[in-house]
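Each chain, letter by letter, is given below.
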2 protein chains.
Amino acid sequence: MLVTGASGFIGRQTLAPLVSAGFDVHAIGHAAEHDAEGVRWHRGDLLSPDFRRAVIEAVAPTHLLHAAWTLTPGRYLSSADNLDWLAASVLLLRQFAEQGGRRALCVGTCFEYDLHAGVCDEATTPCKPATLYATAKHSLYRVSEAYAGSAGLSLAWARPFFLYGPHEHPRRLVSSIVRALLLGERAPCSHGRQVRDFLHVSDLGEALAVLAGSEVTGAVNVASGLGVAVGDIALGIARRLGREDLLDIGAVPVPADDPPLVVADVTRMTDRTGWRARRSLDQGLDETIEWWRSAIAKPA
Amino acid sequence: MLVTGASGFIGRQTLAPLVSAGFDVHAIGHAAEHDAEGVRWHRGDLLSPDFRRAVIEAVAPTHLLHAAWTLTPGRYLSSADNLDWLAASVLLLRQFAEQGGRRALCVGTCFEYDLHAGVCDEATTPCKPATLYATAKHSLYRVSEAYAGSAGLSLAWARPFFLYGPHEHPRRLVSSIVRALLLGERAPCSHGRQVRDFLHVSDLGEALAVLAGSEVTGAVNVASGLGVAVGDIALGIARRLGREDLLDIGAVPVPADDPPLVVADVTRMTDRTGWRARRSLDQGLDETIEWWRSAIAKPA
C-alpha cells in the first residue's frame, strides 16, 4: 500500500488504520516527524517525474491511496498548482497500474457536485465544479475512471465533505475559532446559517482505510451524513471554552452564491463497507479542542 | 504563434494559413519534411518536460495552437498515452501562460458530446465522452477553461468532427477506401447508413488559423454542418474511380451503440468568425483522390 500526501491533514490519518488492517504501508510525504508505527517513509516531491518513477519502481505497490494535492488555504481554489497536481496524478496512476498496481483509491471533493442541488448523492446529483481546484479533481476522477476501465484497475474515488481535527490548517473554520478563543482573541464568523456536513479527520482516515481495502469502485461520499449549521459549531466551541463573548457572528460576509446546505448522502459508503463515523460532533469537538490546547501550549 | 503537432494530419494544415494571416509561426513536430514557407521548426518530444520548457522559453509565444495528441488508429481511443497527453497539455498551458502567453486554441473532438443527442450544439448538447481519448480531451477542456479564467488567458476550444484529406492515416475511412480502390483491392465497408459531418482537413486548417487569430472563447464546432451517409461517400469515391465492383457494403459490422447521426451545428463558428468551408464534399473528394494517386505512385 503506497500512501501519497501521507504527512498531510488527511493522509496522516490513514496510516495507523491501514497498518491495523494489515497493509504493508509505504508513505510518501515531506514531514520530519511521523506518528504511525510500521510505516516506511519515502521523502520526496511527488511532482518530480524522477521521484515518482523511483518510488513506484522501488515499492511496486498493489494498492495506492492518493491523498496528495495542493491545499494551501486562500490559494488552492484557483492556484495553477492544480494543473501540476492533475498532471502528476494521472502519470502516477499510469505508472502504478503498469508496475502491477491493482487497486487505487483517490481523494476527490464534495466541491465536484452542484452544491445547489440539495443533499449530494453519487448517482443522481449532477457534478458542476465551480473552481479550478474542483475542476481539476473532477477531471482526474473522470479520466481515472476511463483509464481504470481500459487498464483493468479497480478504482474508488472518495469524496470527503467538511473536515476538522488535529493538524488542520489554522486558517480553516474549526481550527481558527478554537485557536482564537484559546488565545483569548476575537473570532470573526459569518452569519452561520449555512448547513454543512462535518466529519472528524480521524474518522475520515479510518473510512479511507476501509474503502482502500474494499472492492467498492467509483465515487463514494465519505462524510457524516448529518447537517449542522456552521454557527452552531462556532457556538459549541465557544460554550466549551466559556468564551461566547469572543464570537463575532456576522462579521465575515458570505458570497451571494454560497450554497445554503452541503450535506452528503452516505448510504453508498455505509451499505457497501459497513463503516460509520465513530465520533459524534460533540466528541470530535472535545478532542479537537484538547489537541489544539496541547499544540498551542507546546514551545514553538 | 507556437503550433504543436505541426507535422500531424491536422497541425500541418494550419501552417500556411497562419503564415498568410501574418503570424510569426514556430512549429513543434517530428517530421523531416515541411511544406510551409516562413515556419521555424522545433523538433522534439512534447511529452518531455525539458523540451517543453526549452521551447516555451526560447519562443515565448503570445499565441498557442495546440494540435498535438496521440492518434494512432486502432489504439488511441483507449491508449494509456492519453494520460501522458493530458498531463503534458496542462503543463504546457501553464508554462505558456506564465511565459506571457495571451491566447490559446486547443483541438478537442466531437466525441466529447453525447452523440445520441442529435445535432451537436456547443451550448445545449450535453457532453458525455465514452472513451478514454474523449474523456481526456474533455477533461483538458474543462481544466483549461477554469485555468484560463483564473490566469486571464483567452482560450478557445475547437471541436472538429469527421475529417478526410491528404496525409490521412491509411486505416481511416476515406483514405482506406481510396487506397484500396486505387490499388484494385476490395474495400470492406459497414452498412453505410450512419450520417456524419465530413470536412476536408485543409478547410479545418484554415478554420483553426481564423479561430486562433480571433477573440472567440470557449468551445466551437469546426465542421461542415452538413450530414452525409457514410455509404454515399464510399459510393462517391467508387464512382469517381469506376470501381463500384470493389465496394463490399455491409462487410464490416457496426457496434450496437453506433450513433445514427453525428452532425455539427456550426452557427457559432460562422457567426463569430465568418469562416465557411471552401470545398464542397465533391471537390474535397476529387482533391483527396488526386493526392492519394500521387502518393501511391511515388517510390517508397
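The structure under discussion appears in the preceding block.
Residues numbered from 1 in each chain as written. Chains lettered and ligands numbered in written order. Predicted model: local features only at pLDDT ≥ 70, side-chain atom pairs only at ≥ 80, totals over all residues. Heavy atoms only, no water.

## Here we look at the relation of the copies chain A and chain B
- With an RMSD of 0.0 Å, the operation that places chain A on chain B is a rotation of 180° combined with a shift of 0.0 Å along the axis. Here the transformation between the copies is reduced to the relation of a two-fold axis. Using C-alpha coordinates, one finds that chain A approaches the rotation axis most closely at alanine 87 of chain A, a distance of 2.0 Å.
- Looking at the interface residues of chain A, 100% of them are also at the interface in chain B, so both copies use one shared face. (Least-squares fit on C-alpha atoms with pLDDT ≥ 70 in both. Contact = heavy atoms within 4.5 Å.)

## So, the state of the cysteines
Residue and element names in this part refer to chain B.
- Tallied over the entire structure, the rule returns 0 disulfides over all chains.
- Looking at the unpaired cysteine 127, the closest cysteine sulfur is the one in cysteine 120, lying at 8.7 Å.
- Given the relative accessible area of 30%, cysteine 127 is considered partly exposed.
- Of the cysteine sulfurs around cysteine 189, a residue in no disulfide, the closest is that of cysteine 110, at 20 Å.
- Judged by its relative accessible area of 8%, cysteine 189 is buried. (Disulfide = S-S within 2.5 Å. Buried < 20%, exposed > 50% of the residue type's maximum accessible area, 1.4 Å probe, protein only.)

## Comments concerning the pattern of salt bridges
- If you walk through the whole model with that rule in mind, you get 34 salt bridges over all chains.
- Of the charged contacts, one joins arginine 239 of chain B and glutamate 244 of chain B as a salt bridge, the two residues approaching to 3.6 Å between their closest N and O atoms.
- On the basis of relative accessible area, arginine 239 of chain B is assigned to the exposed category, the value being 52%.
- Across the pair aspartate 282 of chain B and arginine 240 of chain B runs a salt bridge, and its minimum N-O distance is 2.9 Å. Of this pair, aspartate 282 of chain B sits in helix H9 (residues 281–297) while arginine 240 of chain B is found in helix H7 (residues 230–241), placing the two residues 42 residues apart along the sequence.
- When salt bridges that share partners are traced, they join Arg75, Asp81 and Asp84 of chain A together with Arg94 and Glu98 of chain B into one network. (Salt bridge = Lys/Arg side-chain N within 4 Å of Asp/Glu carboxyl O. Helix = DSSP H or I, 4+ residues; strand = E, 2+ residues; numbered from the N terminus.)

## Considerations on the sheet that holds strand S14 (residues 261–262) of chain A
All names here are of chain A.
- Taken in spatial order, the 3 strands of this open sheet run S12-S9-S14, and their pairing is mixed. At either end of the open sheet lies a strand with only one pairing partner, and these are strand S12 (228–229) and S14.
- Relative to S14, strand S9 (residues 195–196) runs parallel, the two being bridged by 2 bridges. Looking across to S14, one finds that arginine 196 is bridged to valine 262. (Pairing = 2+ DSSP bridges.)

## Some words on the packing of aromatic side chains
- Counted under the stated rule, the structure contains 16 aromatic pairs over all chains.
- Consider the rings of phenylalanine 162 of chain B and phenylalanine 198 of chain B, whose centres lie 5.6 Å apart with planes at 50°: the pair is tilted. Here phenylalanine 198 of chain B lies in strand S10 (residues 198–200) and phenylalanine 162 of chain B lies in strand S7 (residues 162–164), a separation of 36 residues in the sequence.
- On the numbers, 4.9 Å between centres and 85° between planes, the contact of tryptophan 291 of chain B with tryptophan 292 of chain B is edge-to-face.
- Judged by its relative accessible area of 5%, tryptophan 292 of chain B falls in the buried class.
- An aromatic cluster is present here, built from Phe111, Phe162, Tyr164 and Phe198 of chain A joined pairwise through their rings.
- Across from the ring centre of tyrosine 141 of chain A, 4.9 Å away, lies the NZ or CZ of arginine 159 of chain A, which sits over that ring. (Phe/Tyr/Trp six-rings, centres within 6.5 Å; stacked < 30°, edge-to-face > 60°. Lys NZ or Arg CZ within 6 Å of the ring centre and 35° of its normal.)

## A closer look at the interface of chain A and chain B
- In this assembly, 21 residues from chain A lie in contact with 21 residues from chain B.
- Contact between chain A and chain B buries roughly 2,000 Å² in total, counting both sides, with carbon and sulfur atoms accounting for 73%.
- Among the residues of chain A in contact with chain B, Leu83, Arg94 and Val143 of chain A are the three that bury the most area, contributing 27% of the side total.
- Counting the contacts that link chain A with chain B gives 4 salt bridges.
- As a salt-bridge pair, arginine 94 of chain A and aspartate 84 of chain B come within 2.7 Å of each other at their nearest N and O atoms.
- At the junction of chain A with chain B, the criterion picks out 6 residue pairs in polar contact (both at pLDDT 80 or more).
- Elements with a minimum of two residues in the side of chain A that touches chain B: helix H3 (81–98) and helix H4 (132–151) of chain A.
- Tallied by class, residues from the side of chain A that touches chain B come to 12 nonpolar, 4 polar and 5 charged. (Buried area = accessible area lost by both parts, 1.4 Å probe. Polar contact = N/O pair within 3.5 Å; in protein donor to acceptor, adjacent residues only side chain to side chain. Nonpolar A, V, L, I, M, F, W, Y, C, P; charged D, E, K, R; others polar.)

## Some words on helix H2 (residues 49–59) of chain A
All names here are of chain A.
- Listed in full, the buried residues belonging to H2 are Phe51, Arg52, Val55, Ile56 and Val59. Taken around the axis of H2, the buried residues stretch over an arc of 120°, which confines them to a single face. When the buried face of H2 is taken as reference, the exposed residues oriented beyond 90 degrees from it are Asp50 and Ala58.
- Residues of H2 that are buried make contact with strand S1 (2–4), strand S2 (25–29), strand S3 (39–43) and H3. (Arc of directions from axis to C-beta.)

## Notes on the pairing of strand S4 (residues 63–66) of chain B
Residue and element names in this part refer to chain B.
- A two-sided burial pattern is seen for S4, the buried positions comprising His63 and Leu65 on one face and Leu64 and His66 on the other.
- Of the strand pairs in this sheet, strand S1 (residues 2–4) and S4 are connected by 3 bridges, and their pairing is parallel. For threonine 4, the partnering residue across the bridge sits in S4 and is histidine 66.
- Inspection of the sheet shows S4 paired to strand S5 (residues 103–107) by 4 bridges, in the parallel sense. When the sheet's bridge partners are listed, leucine 65 is paired in S5 with leucine 105.
- In this region the chain leaves S4, passes through helix H3 (residues 81–98) and returns to the parallel neighbour S5; the handedness of that crossover is right-handed. (Right-handed = clockwise from strand over helix to strand, strands pointing away.)

## Description of unusual backbone geometry
- The residue histidine 167 of chain A is not glycine, and still its phi comes out positive at about 70°.
- When you line up the elements, histidine 167 of chain A lands in the loop between strand S7 (162–164) and helix H5 (173–182).

## A look at the environment of leucine 115 of chain A
Residue and element names in this part refer to chain A.
- With respect to the helices and strands, leucine 115 occurs in the loop between strand S5 (103–107) and H4.
- Overall, leucine 115 belongs to the buried group, its relative accessible area being 11%.
- Leucine 115 sits 86 residues away from glycine 29 along the chain, and the two C-alpha atoms are 32 Å apart.
- Setting aside chain neighbours within four positions, we find leucine 115 in contact with Cys110, Cys120, Pro259, Leu261 and Val262.

## What to know about helix H1 (residues 12–20) of chain A
Residues and elements named next belong to chain A.
- Restricting attention to buried positions, one finds in H1 the residues Arg12, Gln13, Thr14, Leu15, Pro17 and Leu18.
- Close packing links the buried residues of H1 with S1, S2, S3, strand S4 (63–66) and helix H6 (201–212).
- One or two positions beyond H1, positive phi appears at glycine 22, with a value near 95°.

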